[in-house]
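Read off the chains here:
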Amino acid sequence: MTSSVLLLLLLDVSLLDQVWASHQHFHPHSIKIPGDITLGGLFPIHARGPHGLPCGELKKEKGIHRMEAMLYALDQINGDPTLLPNITLGARILDTCSRDTYALEQSLTFVQAIIQKDTSDIRCSDGQPPIIRKPERVVAVIGASASSVSIMVANILRLFEIPQVSYASTAPELSDNNRYDFFSRVVPPDSYQAQAMLDIVKALGWNYVSTLASEGNYGESGVDAFMQISREAGGVCIAQSVKIPREPTDGEFDKIINRLMETSNARGVIIFANEDDIKQVLEAAKRANLTGHFLFVGSDSWGAKSSPVVELEDVAEGAVTILPKRASIDRFDQYFTSRSLENNRRNIWFNEFWEDDFRCKLTRPGVEVDPGKKKCTGQERIGRDSPYEQEGKVQFVIDAVYAVAYALHSMQRQLCGDQSDSGVCTAMDPVEGRSLLDYIRDVNFNGSAGTSVLFNENGDAPGRYDIFQFQMTNHSHPGYHVIGQWTNNLRLNVEEMQWSGGDRSLPESICSLPCKPGARKKMVKGVPCCWHCELCDGYQYQVDEFTCETCPSYMRPVTNRTTCRPTPIIKLEWNSPWALVPASLSMLGILVTCTIIITFVRFNNTPIVRASGRELSYVLLTGIFLIYLITFLMIAEPSVVVCTFRRLLLGLGMAITYSAMLTKTNRIYRIFEQGKRSVTPPKFISPTSQLLITFILVSVQVLGVFVWFAVVPPHTIVDYEELRPPNPDLARGILKCDMSDLSIICCLSYSIVLMVTCTVYAVKSRGVPETFNEAKPIGFTMYTTCIVWLAFVPIFFGTAQSTEKMFIQTATLTVSMTLSASVSLGMLYIPKVYVILFQPENNIQKRKRSFKGVVQAAQLSQKSVKENQNGKNKFEPDRTQ
């Protein structure tokens, strides 16, 4: 309610008439203690009434105990000659009935003395002006208890500058010094309490909790403070924030429990609720058969009270509660247990308390007592004939009264000066509210429990809390046990805690379980404490809990993907089948080649060797030998030397071989083509010319290799990309020379050009009589070689995605080259060696063939071709030449 609205209400004449009327009837619902200075008191003597009624049943602890604590404090102050000498403190104590609207109506009593009412038009029946007793002026108010009540009352008291000191209101909203500038409290605000509760939640390792609040300023402000602090601090998320209605309907608490179970992982429940709501929550949890599921962390409204957990101990077991640090005041116990119907007539509610406490009925004149009811004798004694335990806020009620008393004492000393021992001086009459507020904010004294009582600039007391846990198992005295304390930081004895059934292991209240090593957290949008675990896949490893990154190219993740490890380096081993087969074939080819060379050297001057062109034959056999030799260089462990010879010999052997063949086929072709036109022999057909032509062709290959050497010097590399399958455990780095697939093809491309050219000449020379030359064997050699290399290309490039690419390509390349060399040996030289070794009678000198004979043979060959084209008889060449 706004200040302007309140002011209008206060100025409403009819309302003031009602207030004065109630005052004139001696305030039947208030206690009046006479004194020089009057303090107001607001206490929840009764609970909130059912529908239509303002007040309900009596509240013994929160009502009577606290109210008697104020009366006790007044007795102590008035009996202390050093504190407020010659000044007696009086009181006007009202019942708020635990309802803010009712408390607002009652608190109008405190301001009526300040409001001046014009009574000039009021006359008695005899025409005389009425005698209206002026109400006592209330200089400060002690209370209220509930934050919602304090807020409502504070709005009206500030308008009339009446200081207010609460003993139990902890709502953070009341710390706003702009809106509640006349409000102070001797208990810490819930913002401290919320911080302490958050520290408890974190100490228990929880990060996902729900909140439960009673509708009203206390519950809602407490939860709001907890949520705000948890957001600022991080690390704790709110699963659900549930509000208990001010007037709950039937089944409301069952619905609340069902809603909390929607996020069953959030077992921790932060509860800011009054004790009636707490009890009903526990009852609903028990009805739902959820005993031991919820882990309650209760605010000071639960504290160490027994009433919320009576007959619900199994559900409440393990609940952690918090209470402003307090001590039991022994002298108050002596005072309260000595109260009786005879010596406590000033307490108008004491008779009602007596009946409730001793479960008896007092006799009243004109009222019949139910025969079934026990009659009170008046001889009963508190603590002897009924259970008694000092209510937790008694200490703070006493401290609140003493805070005002010390403030008045300081004011008396400063304002009255020499008259300070003579009671209320003129400077203090009336007591100015704003000045008194300043004195209240400046007090600093040891309270009833021995702890200092002081206020900060917002009127808040420092935060000092005891932390309790309700324990039932393994204890000789089941109940609340102190497990820690909080004074700006938490000290919690976790080892002394136990949970449902006496379990000492910490329960969990988390949204998501921690991710396993190698899995990152994928956060749930809007809920920073909830996540899904995603495995780092492929070649990723876990950098931190939120990030996966790919290992460097030369590394692969370890099994649990928490880091990277070097990728093993492999090479083609000699004992591998991919090496054994090509090496065996090449070794056999080398042996055959060496045999042929030895045979040719041994029979160097025989007709067959001479007729085959000794010089070019030795060159061609050298090329074939190098082709076989390159297999071993391709298998050998790569090094700079090995890589150098690979580059040099890979294409050189084939270049030498096919340069020699090309020279031979070119020579035969030119001779027979020239013979068709004239009897003059063509140029460059001598052995020397043939060698020169061959070396020129080979030099092109050698020149290209040396240019390659100059541009990119030979070196080894480790290829980590070639063998990098989806499974990182199978990843390997391959040690090899810096020769890509393209560079290998380029290195062989010149030899392939020579091969194709030689094949073309072989085709052109196919009509030459086979008795005159090697054209046909060379032709068959080239046809076969072309087929081999046509098969090589798809195999070589078709294995690019294979995990054994390097092995297959090396084997394919070496076997193809070996087959090419073997075809050349088989077609060109093995038949000759066979004749030389096994048919020596055919290795004899025949009639020497002149160029003229070649010309005649060429002419006859040309004529035969023409006749075949005209359909005539086939010409059979003379094989005796």
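A few points on the structure. Note that the structure is predicted; figures quoted are calculated from it, not measured.

### Comments concerning the packing of aromatic side chains
A full pass over the atoms with the stated rule returns 23 aromatic pairs. Aromatic side chains Phe-294 and Phe-296 sit 6.0 Å apart centroid to centroid with 40° between the ring planes, which places their arrangement in the tilted category. Aromatic pair Phe-336 and Tyr-388: ring centres 5.5 Å apart, planes at 25°, arrangement stacked. Linking Phe-336 in helix α11 (residues 330-337) with Tyr-388 in the loop between α12 (350-358) and α13 (394-416), this pair joins segments that are 52 residues apart in sequence. The class of Phe-336 is buried, set by a relative accessible area of 0%.

### Things to note about the state of the cysteines
Here a disulfide denotes a covalent bond joining the sulfur atom of one cysteine to the sulfur atom of another. Evaluated as defined, the whole model comprises nine disulfides. In this model, Cys-360 is linked to Cys-376 through a disulfide, with the two sulfur atoms separated by 1.7 Å. One quick way to see it: the torsion about the S-S bond of Cys-360 and Cys-376 is about 95°, and its sign makes the bridge right-handed. Taken together, the residues span a long stretch of sequence, with Cys-360 in the loop between α12 and α13 and Cys-376 in the loop between α12 and α13 at a distance of 16 residues. As far as the burial class goes, Cys-360 and Cys-376 line up, both buried. What pairs with Cys-536 in a disulfide is Cys-548, and their sulfur atoms sit 1.8 Å apart. The S-S bond linking Cys-536 to Cys-548 shows a torsion near -65°; that makes this disulfide left-handed. Placement of the pair is Cys-536 in the loop between β20 (527-535) and β21 (540-544) and Cys-548 in strand β22 (residues 547-550), with a sequence separation of twelve residues. Cys-548 shares its class with Cys-536; the two are buried.

### Topic: the sheet that holds strand β27 (residues 732-737)
In space, the three strands of this open sheet follow the order β25-β27-β26, with mixed pairing throughout. Pairing within the sheet leaves two strands with one partner each, and these edge strands are β25 (569-570) and β26 (716-723). Bridge analysis of β26 against β27 gives five bridges, and the strand direction is antiparallel. Within β27, the residue paired with Asp-719 across the bridge is Ile-734.

### Considering the pattern of salt bridges
When the charged atoms of two side chains lie near each other, side chains of opposite charge can form a pair. Per the counting criterion, the structure on display carries 27 salt bridges. Two residues, Lys-325 and Asp-466, come together in a salt bridge whose shortest N-O distance is 2.8 Å. Here Asp-466 lies in strand β16 (residues 465-471) and Lys-325 lies in the loop between β13 (320-324) and α11, a separation of 141 residues in the sequence. Under the relative-accessibility criterion, Lys-325 is labelled partly exposed at 28%. A salt bridge links Lys-521 to Glu-545; its shortest N-O distance comes to 2.8 Å. In this pair, Lys-521 sits in strand β19 (residues 519-524) while Glu-545 sits in the loop between β21 and β22, placing the two residues 24 residues apart along the sequence. The class of Lys-521 is buried, set by a relative accessible area of 15%.

### Structural notes on unusual backbone geometry
At the junction of Gly-143 and Ala-144, the peptide bond is cis and its omega measures out at 5° in the coordinates. Following the sequence through the fold, Ala-144 ends up in the loop between β6 (138-142) and α5 (147-157). The residue after Asp-429, namely Pro-430, is reached through a cis peptide bond having omega 0°. For Cys-97, which is not glycine, the phi torsion reads 55° and is therefore positive. Considering the arrangement of structural elements, one finds Cys-97 in the loop between β5 (89-95) and α4 (100-111). Of the residues examined, Cys-97 reaches a relative accessible area of 0% and is grouped as buried. Of note, the phi angle at Asn-488 is positive, near 70°, even though the residue is not glycine.

Cut-offs and rules
- Residues numbered from 1 in each chain as written.
- Predicted model: local features only at pLDDT ≥ 70, side-chain atom pairs only at ≥ 80, totals over all residues.
- Heavy atoms only, no water.
- Phe/Tyr/Trp six-rings, centres within 6.5 Å; stacked < 30°, edge-to-face > 60°.
- Helix = DSSP H or I, 4+ residues; strand = E, 2+ residues; numbered from the N terminus.
- Buried < 20%, exposed > 50% of the residue type's maximum accessible area, 1.4 Å probe, protein only.
- Disulfide = S-S within 2.5 Å.
- Pairing = 2+ DSSP bridges.
- Salt bridge = Lys/Arg side-chain N within 4 Å of Asp/Glu carboxyl O.

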